[in-house]
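Residue-level structural notes
These are the residues of each chain, in order.
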Amino acid sequence: MSAEQKRQSSSGGLPLVGIVMGSDSDLGVMESASNVLKEFGVAFEITVASAHRSPQRAAEWASSARERGIKVIIAGAGHAAHLAGAMAAHTSLPIIGVPIDSSCLQGMDALLATVQMPPGVPVATMAIGKSGAGNAGILAVQILALADTVLAEKLEEYKQNMAAKVEQKAKKLESSF
Ligand code: RP5
């Protein structure tokens, strides 16, 4: 790895991604996002704030995120999930929304509340639940990789590994018939 690459990949250990969730009960889903960031060696901060129960805390956390060095925010919430939208209302950083399946509507309510943002205030909305949270982590890495050649290389490796796993599965399945 060249010195330039090291410099480009270094955040000095400071968090580059902010993960926020509506309740600690969302952690089981949102860990899929934090696990991806750990896998890629991306420093993050993680907290709870609610658009409805603690609107002031949510607004302050989002408003100060850029000053804290955060580049991307991942926001997950369930029910009438306005957390990702509330983040987008208070910062111009990119927001990735994760609808959480914590209500009796199994996340459809959260999906619509997260994805249906008004013109001018986008939230990049993922799939409902753990797979969406995992993809939120990957998308955050992809955004950071635009200015980080080491992360870009890791993403290439990640894709190659995925393809290799499919090859293995195909061979195993084919040989069983
Ligand atoms: C939402 O309500 C949270 O994001 C969570 O998914 C759901 C339930 O929260 P708790 O009642 O478990 O705190 O705001």
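Throughout what follows, the structure given in this document is the object of discussion. (Residues numbered from 1 in each chain as written. Predicted model: local features only at pLDDT ≥ 70, side-chain atom pairs only at ≥ 80, totals over all residues. Heavy atoms only, no water.)

**What to know about the layout of surface pockets**
Here the largest pocket is characterised by a volume of approximately 270 Å³. Along its surface, the largest pocket is lined by 16 residues, and G22, S23, R53, G78 and H79 are the ones closest to its centre. In terms of residue class, the lining of the largest pocket is made up of 5 nonpolar, 9 polar and 2 charged. (1 Å grid on protein atoms, 1.4 Å probe; cavity = no way out; pocket = protein on both sides within 12 Å on 5 of 7 lines; lining within 4 Å. Points joined across faces, edges and corners; volume = space filled by probe spheres on them. Nonpolar A, V, L, I, M, F, W, Y, C, P; charged D, E, K, R; others polar.)

**Some remarks on unusual backbone geometry**
The phi dihedral of H79 is positive, around 60°, even though this residue is not glycine. Mapping H79 onto the fold places it in the loop between β3 (72-78) and α4 (83-90). (Helix = DSSP H or I, 4+ residues; strand = E, 2+ residues; numbered from the N terminus.)

**Observations concerning the pattern of salt bridges**
Under the defined criterion, the tally for this structure stands at 1 salt bridge. With a shortest N-O distance of 2.6 Å, R68 and E45 are connected by a salt bridge. Here R68 is found in the loop between α3 (55-63) and β3, whereas its partner E45 is found in strand β2 (residues 44-48), with 23 residues between them in sequence. (Salt bridge = Lys/Arg side-chain N within 4 Å of Asp/Glu carboxyl O.)

**A few points about the nonpolar core**
Core analysis: the largest hydrophobic core is formed by 26 residues, its most contacted members being V17, I19, M30, V42 and I74. If we ignore the near neighbours within four places in the chain, the residues touching V17 are L37, V42, A43, F44, E45, I70, V72, I74, A140 and L144. (Core = buried A, V, L, I, M, F, W, Y, C linked by side-chain atoms within 4.5 Å. Buried < 20%, exposed > 50% of the residue type's maximum accessible area, 1.4 Å probe, protein only. Contact = heavy atoms within 4.5 Å.)

**Considerations on the environment of A127**
One can find A127 in the loop between β5 (124-125) and α6 (130-145). On a C-alpha basis, the gap between A127 and H82 in space is 16 Å, while along the polypeptide they are 45 residues apart. Once you skip the residues sitting within four places of it in the chain, A127 turns out to touch V98, P99 and G132.

**Considering the packing of α3 against α4**
How two helices pack is summed up by the angle between their axes together with the distance between the axes. Close contact between α3 and α4 brings their axes to 8 Å; oriented N to C, the two are set at 50°. Relative to α4, the element α3 lies oblique. As for how α3 packs across α4, the hand of that crossing is right-handed. Facing α3, whose interface residues are A58, A59, W61, A62 and S63, α4 presents L83, M87 and H90. Its residues placed into classes, the contact of α3 with α4 shows 6 nonpolar, 2 polar and no charged. (Axes fitted to C-alpha atoms, helices over the stretch in contact; angles between N-to-C directions. Parallel < 35°, antiparallel > 145°, perpendicular 65-115°, else oblique. Left-handed = near helix turned anticlockwise from the far one by under 90°.)

**Focus on the pairing of strand β1 (residues 17-21)**
Within β1, 5 of the 5 residues are buried, which leaves the element mostly enclosed by the surrounding structure. Going residue by residue along β1, you find V17, I19 and M21 tucked away on one face and G18 and V20 tucked away on the opposite face as well. Bridging between β1 and β2 involves 5 bridges; their strand directions are parallel. What sits directly across from G18, in β2, is E45. (Pairing = 2+ DSSP bridges.)

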